[in-house]
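Fold and geometry: a report
Residue strings, one per chain:
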Amino acid sequence: MTPAFRSFFCWVILLLTGSNLIIAQSSSGRPLSKAIWITDKVISELPDTLTILQPLYDNQYQTRRVLPIRYLVKSVGKRAWLKNWSKGTFLCSWQSIKEDTLSSVNILDRPGVFQLIKRDSDDYVGYLEELLTVPFVMPPRLLYSGHQTDLRLGVDCAELAIYGKRRQGYDIPYCGPQKIVNYLKETDSIRRGTVVSFGFQISVVYEDRGLSGQLDDADLLIHAYKDKAEIISFGESGLNRYPYKLYEWKE
């Protein structure tokens, strides 16, 4: 690299960095990122009124092509929203949106829209909690800006299980419920994080609530099934009538 080019390169970096700082400081403390992980400090800085974009959960038949996801747009007070708020990813905007509904393959492309994300722990299952409320899409696709599941915009059963490992830094590609077993090994253990394969569906044990070490109706699963990623008891899931195999992740 010649001295002249090195000087030019450094000026470009400085300009870009300066530009980012201007953007970061220009919104009077407004979101600096499309994804914000919730802390007490973030909660204290939320405005009194939020615009929430709620997925309508009618996208489970996207089997041949990428289809837009529909969102209901509503304005809610901060206190009311926090009262009913739980774990997962929530799409918000500081700005008022005139439309009652929006449709988009990647709603994060819309200016002013960002994600508020909450999880309760930093383990594998904790990372899965980030996908709660995300719409079921079969299968999620690779968009120009990233995979729908990495972006927390759409997820299916196997992709949810894989997302947690990717968030832990493992290089596991997104794949379906048949191929995911290549990265798993069979186990007879039921505990938090055990992967349950029904052949057509992948779920993960969220909590062993029933008889210890046995998968029974009282146990909680976290999975993407039917319309969204959720935590549900094995008995209520409807999956308890199917045979299954138990797995854990290979090291």
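Structure's up top.
Right, let's walk through the structure included here. Just so it is clear, the structure is predicted and the values come from calculations on it, not from any experiment. (Residues numbered from 1 in each chain as written. Predicted model: local features only at pLDDT ≥ 70, side-chain atom pairs only at ≥ 80, totals over all residues. Heavy atoms only, no water.)

**Description of the pattern of salt bridges**
For the structure on display, the rule yields 12 salt bridges. Its salt-bridge partner being D120, residue K87 comes within 3.6 Å of it at the nearest N-O pair. Here D120 lies in the loop between β6 (113–118) and α4 (124–129) and K87 lies in the loop between α3 (78–83) and β4 (88–93), a separation of 33 residues in the sequence. Residue classification places D120 among the exposed residues on the basis of a relative accessible area of 51%. Of the charged contacts in the structure, one is a salt bridge between R209 and E207, with a shortest N-O distance of 3.4 Å. A residue is classified by how much of its surface remains accessible, and R209, at 52% relative accessible area, is exposed. Where salt bridges share partners, they join R119, D122, E130 and R167 into one cluster. (Salt bridge = Lys/Arg side-chain N within 4 Å of Asp/Glu carboxyl O. Helix = DSSP H or I, 4+ residues; strand = E, 2+ residues; numbered from the N terminus. Buried < 20%, exposed > 50% of the residue type's maximum accessible area, 1.4 Å probe, protein only.)

**Digging into the nonpolar core**
Ranked by size, the top nonpolar core spans 29 residues in total, and within it Y124, I180, V195, V204 and W249 carry the most contacts. The element contributing the most residues to this core is helix α5 (residues 157–167), with 6 residues. Residues in contact with Y124, not counting those within four places in the same chain, are A161, G164, K165, Q168, G193, V195, V204 and W249. Listed in part, the 14 residues of the second largest apolar core include I69, L102, L108 and V113. (Core = buried A, V, L, I, M, F, W, Y, C linked by side-chain atoms within 4.5 Å. Contact = heavy atoms within 4.5 Å.)

**Things to note about the pairing of strand β14 (residues 245–249)**
Note that strand β9 (residues 184–186) and β14 share 3 bridges and pair antiparallel. By the bridge assignment, K185 is partnered in β14 with E248. One ladder, built from 3 bridges, connects strand β10 (residues 195–197) with β14; its direction is antiparallel. Of the residues in β14, the one forming a bridge with V196 is L246. (Pairing = 2+ DSSP bridges.)

**So, the environment of Y242**
Inspection of the secondary structure puts Y242 in the loop between α6 (234–237) and β14. Sequence-wise, Y242 and F198 are 44 residues apart; in three dimensions their C-alpha atoms are separated by 6.6 Å. Ignoring anything within four residues of it in the chain, the contact list for Y242 reads F198 and F200. Looking at Y242, its side chain comes within polar contact range of the side chain of R241, at 3.1 Å. (Polar contact = N/O pair within 3.5 Å; in protein donor to acceptor, adjacent residues only side chain to side chain.)

**A few points about the sheet that holds strand β3 (residues 69–77)**
Pairing between the strands of a sheet comes from backbone hydrogen bonds, and it takes one of two forms, parallel or antiparallel. In space, the 6 strands of this open sheet follow the order β1-β6-β4-β2-β3-β5, with mixed pairing throughout. The open sheet has two free edges, formed respectively by β1 (35–37) and β5 (101–104), since each of these has just one partner strand. The average undirected angle you get between the axes of adjacent strands in this sheet is 35 degrees. In terms of strand pairing, strand β2 (residues 49–55) meets β4 through 3 bridges, oriented antiparallel. Directly across from L53, in β4, lies its bridge partner L91. (Axes fitted to C-alpha atoms, helices over the stretch in contact; angles between N-to-C directions.)

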